[in-house]
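# Analysis of the macromolecular model
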Amino acid sequence: MVKTKHSILADYQNNADKQQTEVDYLKRKLNKISLSRLGLFITEILIIALIINFGFIWPFAVLLAIPLIVFLFLVKKQVAVQKQLTYAGKLLWVYQNEINHLTGGKNGYNNGEDYADEYHPYTSDLDIFGQGSLYSFINRCNIQQGMDILAANLNRPNDQSTIEQRQEAIIELKGHIDQTFHFRAELQNHKPGQLQLIINKLQDQLPEQLKFTRKKTLRLYVQLAPFITIGIFILGNVFGGWVWQLFGAVALFNASLIIFNMRHINLIHNGFSKESSLLNAFADTVKWTEDVTWKSTYIQRFFVGGKTAVPISKQILKLSSIIQAFDARLNIVVGIALNIFALWDLRCSISLCNWHDQSAQETIEGMNRIGKFEELISFATLAHNQPEWNFPEIAAAFHLKATALGHPLIPEQVRVYNSFELESEPTVDIVTGSNMAGKSTFLRTVGVNMTLAFAGAPVCAEQMSLSIFKILSYMRIKDSLNDQTSTFKAELNRLKMILDAIQLHPNSFVLIDEMLRGTNSKDKYLGSKVFIEKLIEQKTPALFATHDLQLSEMEADHKTQVRNYHFDIQITEGEMNFDYKIKHGPCTTFNAAILLKQIGLSLN
């Protein structure tokens, strides 16, 4: 069955409703457990009161034990239900976010503003990063590695083989779209940099920090300490006297051993503290990637050396259990008791050392895999949510052809589609037209869809085929008071960047919107003309939007290297109407006089 936007939205709403019902049920269940615990606490107090009044008799002992046992069971049950509720809430957020995205364009994930760079060859001009950007439209990554990989794939074109392999991988992940929602839910609400901190800890810090745990005498004593301490404690209860003095000496020695190594222990524990739940979430995401038999070459390469003898997800869970045990030291009373009787901190440090020797490298590889899947899932979600979009064909030789090409960030109900293609040889296509007629949007439409295509993603088009281009743009040129740069100087810097790039990259594709705005009209025309001639000389294809009709006359002298296109307006009873459709030839209708008249000025 072919999915439509309507059916996809209905599926999200249905899933969100089911999840909301689950959340409400778990909240009620949690409240009942809390009330039951309160009831058992009151019952325990009443039984103690009876013992105080009537004296201790064995039936009261049984009555005293039963509520306590049930209370401990409910505590364990409450922890489990709370975990279910937390996960259900995160999964509900994932579904609700997709609903918000499809209905209002709002996405709760990071918008990528940290990757914005106005000096980049095209990302600033094409709204690739920041609020309302392509990145914010696509991103479904919650950890730093995933966000970095997504930004990298929007920052530069991949080669043809990589693009085609990524397309295959995205299509395969789209087939597992329901499971990807659970993958995302596991990672929801965690800070983006936490995974990298753990990887850095495992890879760079622990090897040095764990050296002190490799002493054979220390390891031997840590193994024997619980038997020695508990044995003496039992003997002390039986014989008393000097045995208690011996117990005190052993306890003091154990405490001294912990204190002596406290600096090393704290260094090891730092960075892992309270992270067992996060590690469990990582383990669950990794387990799903292990359970699926992936067919696409791109994803198969994530599993360096194939599947491991012990699944990486189990290795992460083992680490989680060690950290959870280590965290017992956070309770001062419990920590002191465990360290006196069992040298708990040292025992956990040694366990971590043994785990690190056996599993650290494979675990790091498995954790790095999470970000790679997150990034692909972002594009798979895009492909799922936009069923009318299509994957482009990548050509080996110079080529660009698009049918019904639209801007992906413009709402579908007002989006206008245009078809466009290049000749077999590079041309400079001069696009003239009125203000607000659609020139700039068309240039961005072409550039943004090229960016999607080079990332291996579907494009907002009925059909698109293209070769690999290095996109270079000149659209939003700003002055800078900090750099003491005027608009004209900023324009010259941008032109220099483009001229240098087309010398280095024969596959450049240039997008220019109204060149040399910071100078007079004569210099603007002459400068634009010279620049176009340079593009022709270098055989660099370009879309050149301008209000200067004189530039359209260049077609007469460069019949095969220059083409004219335009966007026009229809004026009905003094009112302007735009169809935003690109047409062949130079523009003949402009709207400046009408716009000036609307503010009280007339052109004679």
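Residues numbered from 1 in each chain as written. Predicted model: local features only at pLDDT ≥ 70, side-chain atom pairs only at ≥ 80, totals over all residues. Heavy atoms only, no water.

## A word on the packing of helix α6 (residues 177–187) against helix α15 (residues 344–385)
- Relative orientation of the contacting elements α6 and α15 amounts to 130°, with a least axis distance of 10 Å. Relative to α15, the element α6 lies oblique. Between α6 and α15 lies a crossing of left-handed hand. Across the interface between the two elements, Ile177, Thr180, Phe183, Arg184 and Leu187 from α6 touch Ile370, Phe373, Glu374, Ile377, Ala380, Thr381 and His384 from α15.
- Split into classes, the residues belonging to the contact of α6 with α15 amount to seven nonpolar, three polar and two charged. (Axes fitted to C-alpha atoms, helices over the stretch in contact; angles between N-to-C directions. Helix = DSSP H or I, 4+ residues; strand = E, 2+ residues; numbered from the N terminus. Parallel < 35°, antiparallel > 145°, perpendicular 65-115°, else oblique. Left-handed = near helix turned anticlockwise from the far one by under 90°. Contact = heavy atoms within 4.5 Å. Nonpolar A, V, L, I, M, F, W, Y, C, P; charged D, E, K, R; others polar.)

## Regarding the sheet that holds strand β3 (residues 418–421)
- The strand order across the open sheet built from four strands is β1-β5-β2-β3, with neighbouring strands paired in mixed fashion. The open sheet has two edge strands with one neighbour each: β1 (393–394) and β3.
- For strand β2 (residues 400–405) and strand β5 (residues 461–466), the ladder comprises five bridges, and the chain directions are antiparallel. Within β5, the position partnered with Leu400 by the bridge is Leu466. (Pairing = 2+ DSSP bridges.)

## Considering the sheet that holds strand β12 (residues 583–584)
- If you walk across this open sheet you meet the six strands as β6-β7-β8-β4-β9-β12, and the pairing is mixed. At either margin of the open sheet sits one strand with a lone partner, and together these are β6 (470–474) and β12.

## Quick notes on helix α14 (residues 332–342)
- Along α14, the residues that are buried comprise Gly335, Asn339 and Ala342. Relative to the axis of α14, the buried residues are bounded by an arc of 100° and lie together on one face.
- Contact partners of the buried residues in α14: α8 (216–239), α9 (242–260) and α15.
- Directly beyond the C-terminal end of α14, a positive phi value near 45° is found at Leu343. (Buried < 20%, exposed > 50% of the residue type's maximum accessible area, 1.4 Å probe, protein only. Arc of directions from axis to C-beta.)

## Some points on the pattern of salt bridges
- The full count for this structure, using the stated rule, is 20 salt bridges.
- Note that Lys496 and Asp500 form a salt bridge whose closest N and O atoms lie 2.8 Å from each other. Here Lys496 pairs with Asp500, and both are found in helix α17 (residues 487–504), just four residues apart, close to one helical turn.
- Taking relative accessible area as the criterion, Lys496 reaches 48% and is therefore assigned partly exposed.
- Residue class for Asp500 comes out partly exposed when judged on its relative accessible area of 36%.
- Overlapping salt bridges bring together Lys5, Glu388 and Glu412 as one network. (Salt bridge = Lys/Arg side-chain N within 4 Å of Asp/Glu carboxyl O.)

## A closer look at unusual backbone geometry
- Even without a glycine there, the phi angle at Ala404 is positive, about 50°.
- Mapped onto the elements, Ala404 comes out in strand β2.
- Phi angles above zero are rare outside glycine, and Lys539 is one such case at about 55°.
- For Lys539, the position within the fold is in the loop between α18 (521–538) and β8 (542–546).

## Some words on helix α10 (residues 262–269)
- Those residues of α10 lying buried are Ile265, Ile268 and His269. Considered in projection along α10, the buried side chains sweep an arc of 95° and stay on one side of the axis.
- Immediately downstream of α10, the backbone of Gly271 shows phi near 100°, a positive value.

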